[in-house]
Amino acid sequence: MAIAGIVCLVLFAGLAVGIRQPAVERLDARVTEKVVGLRRPGLNTVMFFFTQLGRFSGVVVVMIALALIPGFWRGVVQPAGIALTVSWWVAFALKRVLKRPRPEGQRLTEETDHSFPSFHATCSAALYLSLALGGAALYPLLAFWLSAAAVIIAGLIGFSRIYLGVHFLTDVTGGWLFGSGITLLVWAVLARVAG
């Protein structure tokens, strides 16, 4: 698990170094144009829902709901809380160092901070990867469904950020890599401490 976490963080670092490269900027612009072209009133509502799910308030509601499931307080919520705290604060610092501007001209909502990495993607990776890891350990027969739900929800949260015009593909990908890397390392440390 620790090796996978380190690989995610190395990939994140490579992406962070490359975000200002012209080829990356062109790719981001093309993807944004294609995704923005999918906008429809009904889909807008769905995307606003998933973007809210990735905000602090949405994460808190999901964490409270998960805490009500037998075994999830210790097996999912506590490790997720550690991973979320660490990844959020480090991502907060990285945003201030990298200072990547957000996409211009296509926004359906406004954000005030910098773009890379996406907080929504970072936090959704930390929370839903923790759900998949902890949930599978607690309920092995549901492992596939918990993992599938985690990937779909985190994926839709990330996609919503591009759809709403407030992030580039690389912001979201960077957030997923960073949040996953931190989460895998947290889980590896907790497993070592418990073992």
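Residues numbered from 1 in each chain as written. Predicted model: local features only at pLDDT ≥ 70, side-chain atom pairs only at ≥ 80, totals over all residues. Heavy atoms only, no water.

Observations regarding helix α3 (residues 41-53)
The terminal C-alpha atoms of α3, which comprises 13 residues, lie 19 Å apart, in line with the 18 Å expected from a rise of 1.5 Å per residue. When α3 is considered as a whole, its buried residues turn out to be Asn-44, Met-47, Phe-50, Thr-51 and Leu-53. Residues of α3 that are buried make contact with α4 (56-67), α6 (119-138) and α7 (143-163). (Helix = DSSP H or I, 4+ residues; strand = E, 2+ residues; numbered from the N terminus. Expected span 1.5 Å × (residues − 1). Buried < 20%, exposed > 50% of the residue type's maximum accessible area, 1.4 Å probe, protein only. Contact = heavy atoms within 4.5 Å.)

Considerations on helix α2 (residues 22-36)
Helix length check: α2 (15 residues) gives 21 Å between terminal C-alpha atoms against 21 Å at 1.5 Å per residue, within 8%. If you check which residues of α2 are buried, you get Asp-28, Thr-32, Val-35 and Val-36. The buried residues of α2 occupy one face: seen down the axis, they fall within an arc of 90 degrees. Facing away from the buried side of α2 by over 90 degrees, the exposed positions are Glu-33 and Lys-34. Check the buried side of α2 and you find it contacts α7 and α8 (169-194). (Arc of directions from axis to C-beta.)

Quick notes on the environment of Leu-156
Relative to the elements of secondary structure, Leu-156 occurs in helix α7. With relative accessibility at 27%, the residue Leu-156 sits in the partly exposed group. Separated by 102 residues in the primary sequence, Leu-156 and Gly-54 have C-alpha atoms spaced 9.6 Å apart. Discounting residues that sit within four places of it in the chain, Leu-156 has contacts with Met-47 and Phe-50.

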